[in-house]
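Fold and contact review
Residue-level listing of the chains:
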Amino acid sequence: MIAKISSGKDTAGLIRYLFDTKKAKDHTDPHLVASWDGFAPDPGRTDDFDATKKLLVADLNLHVKQARQLGRAPEKHVWHCSIRAAENDRRLSDDEWADIARRVVAATGIAPEGDPDGCRWVAVRHAPDHIHIAATKVRADLSTARHWNDYNTADRELAAIEKEYGLFQVVRGDRTAAKRPTRAEQEKARRTGHDKPARERLRTTVRTAVAAASSMEEFVHLLSHIDGVLVEVVYFPSGDVRGYKVASEDTTTADHEPVWFSGYELSPDLSFPKIQKRLAGIAPQSAGQPGRRRTNPWHQATAATERIPHHLDQADDEASQAHLAAFGEALDALPLLAPQALRPQLREAATAFERATRSRIRAEHHHARALRGAVRAMVREPAPKDVAILATFLDAAILLVTAAARWHQLRHHDQQVAAAHQTLLHLQAAYDHSAAAPVAALAQRQPPQQAVERQIRHLRQVMPDHAEQVIADPAFDALAVTLAKVEADGHDPERLLQQAADQRALDDAGSAARVLIWRIQRLTAASAPSTPTHDSASTRRTPPTSTRQPSAQQSATSGQRRR
């Protein structure tokens, strides 16, 4: 069940709307199902509608009128709460809706149970699937009702009602979700030919810029050079930066002025102070020692991602929340780096996981410096030509998102759990697509049967419980090629298999053989072979990668930029 609560100052106007059957075609048989004393006049069950409606409004306004004479009535004295059942719920009776209405007004403080001075209210049913509660906020003792935080208290009561009545249990949030576009914004997007409102498009753009930037100056610089986006820096009178706001060039008011959104209006974690704090927690990327191969940032990001499920098992929730936020930034950056065919799924994954990066737990961002630094380094590198490196990262990402769903579930973060599950669908699709070509290419290099049998013996020796599962896997031929190659390069296949298996349980893997392939490839890329004579060959296989420096940073004082 979903509740919507608002305040107003026209009791008569609200009652007129609730009982209207001419303008509102979906209003059928409007009538009272409950009231403050059970004896309120019902305009829907009388021959003289107008007279009964006036009588009902007068009764509801009695205490408001008395308080107004004393100068104590609130300006917005009307409290309006609509409660709607889920589409697939059974049809509730009038008595059941009456019970629900009484519980909600009691829980919110409008009419506490057993309080003779509670506010006057009525519950109107004019459609099968919902009711409206109309109340006046002045109590019988002429004080104003204390209904602070009424939305949350109503929501908690409705959650209990859903369980007791056997109704659909709505996934509830913790008020940390990004603000949804209004109906006007959605209509405007349709009129202008956009699939998403400006607020959502700008949110995605800003999140991508944050994922790529290493400082606030660079963040503003990146935003100001994105086609179709306006950015303006806001200052305090002292000259210090107060914040920023963005607008879409194709979205204007009737006066042709841009419709601006502050970072906070896009999402709570995109406010200027929050972005400042996140960017301050980025690990500087060292140039490395002369003569030594620089670590591939994709391998760094994959390794950092693989460690996050372990962090989620620890007791430090603030650190865990920081790791999830950092991984969200990695997903935001992936569409910039992936092949064109994978970008739609990766964008959907990033959009879905965005909800799982926030909760009431405050993130201590310095805990996730390694992943953030690796992501910035990835953005500055040319896009990888070998799609296998992306498949390796996505394999680690799937494990992490599964762990994130479990972490949020233990903390009763329902919306975040749903977001993580939705993310998995898109990541799995991208992973399957990215893994297909490199696995097929490996399988074509079939080693001699003697070498294949040797790898089977290694598997049975290291992982007897999973060996037959791996051997029967369609990707086993590619795994055999991988093991034969690393063995020829001087690595110990059994040792690598043990390390790869230890990094992730294989029970829940869609393809255990593919999981082992990516782990082994990353392990051999990160370590030298065990035989010294192969060092030079290993070095030739992975040449140093040059670092592409970002474009010159532009100062935030540039103000508004248009591209």
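Quick look at the structure, then. For clarity, every value in this text was computed on a predicted model and none was experimentally measured. (Residues numbered from 1 in each chain as written. Predicted model: local features only at pLDDT ≥ 70, side-chain atom pairs only at ≥ 80, totals over all residues. Heavy atoms only, no water.)

1. Re the packing of aromatic side chains
Following the criterion strictly, the structure yields 5 aromatic pairs and no others. Plain terms: the ring middles of phenylalanine 219 and tyrosine 244 are 5.3 Å apart, the flat faces sit at 85 degrees to each other, and that makes the pair edge-to-face. Separated by 25 residues along the polypeptide, phenylalanine 219 in helix α8 (residues 216-224) and tyrosine 244 in strand β7 (residues 241-248) bring together distant segments of the chain. Since its relative accessible area comes to 0%, phenylalanine 219 is described here as buried. Assessed through its relative accessible area of 5%, tyrosine 244 is described here as buried. (Phe/Tyr/Trp six-rings, centres within 6.5 Å; stacked < 30°, edge-to-face > 60°. Helix = DSSP H or I, 4+ residues; strand = E, 2+ residues; numbered from the N terminus. Buried < 20%, exposed > 50% of the residue type's maximum accessible area, 1.4 Å probe, protein only.)

2. Description of the environment of threonine 423
With respect to the secondary-structure elements, threonine 423 resides in helix α16 (residues 414-443). Overall, threonine 423 belongs to the buried group, its relative accessible area being 0%. Residues threonine 423 and phenylalanine 353, 70 residues apart in the sequence, show an inter-C-alpha distance of 5.6 Å. Ignoring sequence-local partners within four residues, the contact set of threonine 423 consists of Leu331, Ala349, Ala352, Phe353 and Val401. (Contact = heavy atoms within 4.5 Å.)

3. Describing the sheet that holds strand β5 (residues 130-136)
With antiparallel pairing, 5 strands are arranged side by side in an open sheet as β1-β3-β5-β4-β2. Taken across any chain shown, the strands that pair with only one partner, and hence form the sheet edges, are β1 (2-8) and β2 (31-35). The average undirected angle you get between the axes of adjacent strands in this sheet is 20 degrees. Both strand β3 (residues 78-84) and β5 contribute to a ladder of 7 bridges, which runs antiparallel. Looking at the pairing, histidine 80 lines up with alanine 134 of β5. Contacting β1 and β3, helix α5 (residues 150-165) crosses the sheet at an angle of about 150 degrees to β1. (Pairing = 2+ DSSP bridges. Axes fitted to C-alpha atoms, helices over the stretch in contact; angles between N-to-C directions.)

4. A short note on the environment of histidine 412
Among the structural elements, histidine 412 can be located in the loop between α15 (387-410) and α16. Spatially, the C-alpha atom of histidine 412 lies 39 Å from that of histidine 221, the residues being 191 residues apart in sequence.

5. Things to note about the pattern of salt bridges
Per the stated rule, a full pass over the model turns up 31 salt bridges. In this structure, a network of salt bridges that share partners links the residues Arg207, Asp269, Arg278, Glu329, Asp332, Glu354, Arg358, Arg372 and Arg376. (Salt bridge = Lys/Arg side-chain N within 4 Å of Asp/Glu carboxyl O.)

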